[in-house]
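# Coordinate inspection notes
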Amino acid sequence: MADVEVFIGDLSDRTFHYDGGGDWNHNFPKRISTFFPKGYDLFFSILDKIYCKKLEGKQTDWGSHTCPLYPHQLLELLEEYYQKDMNSEPVQELFQFIKQLDPDKQYGLVACEMS
């Protein structure tokens, strides 16, 4: 299996098409965050939540799923996932990054196979 990563993407990226029109060749929003800690496990957790309809999102590329979320929604989702790792430096840095995002703007939570 290819490497998988999770990151935050810019939904206003003009090369990204959430509602179609993409060519399934790297159709995911431009990455604006670091790759998330424990991304491999989180990748599959996000896909499970999408397919079980617990999280709004969809496949936007052959190996990528994107969920449009506001920063507070990102924090809620990640607090649940990282509850045992909340004091680790990488998780704290990620949360600080999210808290600096525009609270009135949606961002893409991207679960992506990297080639």
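Each remark here, short or long, concerns the structure printed above.
Let me sum up the structure you'll find in this document. Every chain is numbered independently, its residues counted from 1 as its sequence is written. Note on the predicted model: pLDDT of at least 70 is required for a residue's local features to be given, and 80 or more for side-chain atom pairs to be given and counted; whole-chain, interface and lining totals, by contrast, use all residues. Each side-chain value is derived from all of the structure's non-hydrogen atoms; neither hydrogens nor water enter the calculation.

## A short note on the packing of helix α1 (residues 39-51) against helix α2 (residues 71-81)
As a reminder, the rule being used: Each axis is a line fitted through C-alpha atoms, taken for helices only over the stretch in contact, and angles between the N-to-C directions span 0 to 180 degrees. The way it works is that DSSP assigns letters per residue, a run of H or I at least four long becomes a helix, a run of E at least two long becomes a strand, and they are numbered from the N terminus. Comment on the angle field: the value is read as roughly parallel under 35 degrees, roughly antiparallel over 145, roughly perpendicular from 65 to 115, and oblique elsewhere. Left-handed is the label given to a crossing in which the near helix is rotated counterclockwise from the far helix by less than a right angle, and right-handed is the label when the rotation is clockwise. We call two residues in contact whenever any of their non-hydrogen atoms come within 4.5 Å of each other.
Taken N-terminus to C-terminus, the directions of α1 and α2 make an angle of 120°; their axes are 12 Å apart at the nearest point. When the interaxial angle is binned, α1 and α2 end up oblique. Classified by chirality, the crossing of α2 by α1 is right-handed. Between α1 and α2, the residues in contact are D41, L42, S45 and K49 and L77, L78, E80 and Y81, respectively.

## So, the packing of aromatic side chains
This is how the line gets drawn: Between the rings of Phe, Tyr and Trp (Trp by its six-membered ring), a pair exists once the centres lie within 6.5 Å; its type follows the angle of the planes, with under 30 degrees stacked, over 60 edge-to-face, and the other angles tilted. Exposure classes here rest on a 1.4 Å probe applied to the protein chains alone. A residue is buried below 20% of its type maximum, exposed above 50%, and partly exposed in between. In our convention, an over-ring charge means Lys NZ or Arg CZ found within 6 Å of a ring centre and within 35 degrees of that ring's normal.
One pass over the full model with this rule turns up 6 aromatic pairs. Ring geometry for Y81 and Y82: centres 4.9 Å apart, planes at 80°, overall edge-to-face. Accessibility expressed as a relative area gives 0% for Y82, which makes it buried. Taken together, the ring pairs in this structure connect F7, F28 and F35 into an aromatic cluster. Just above the ring of F35 sits the side chain of R31; from NZ or CZ to the centre is 4.2 Å. Positioned above the aromatic ring of Y18, the side-chain terminus of K58 is 4.5 Å from the ring centre.

## Structural notes on the pairing of strand β3 (residues 58-61)
A regular strand places its side chains so that they alternate between the two faces of the sheet. Quick reminder of the rule: Strands qualify as paired when DSSP identifies two bridges or more between them.
As defined by bridge partners, β3 adjoins strand β4 (residues 64-69) across 3 bridges and the pair is classed as antiparallel. Bridging across to β4, Q59 finds its partner in H65. What sits between the antiparallel neighbours β3 and β4 is a turn of 2 residues.

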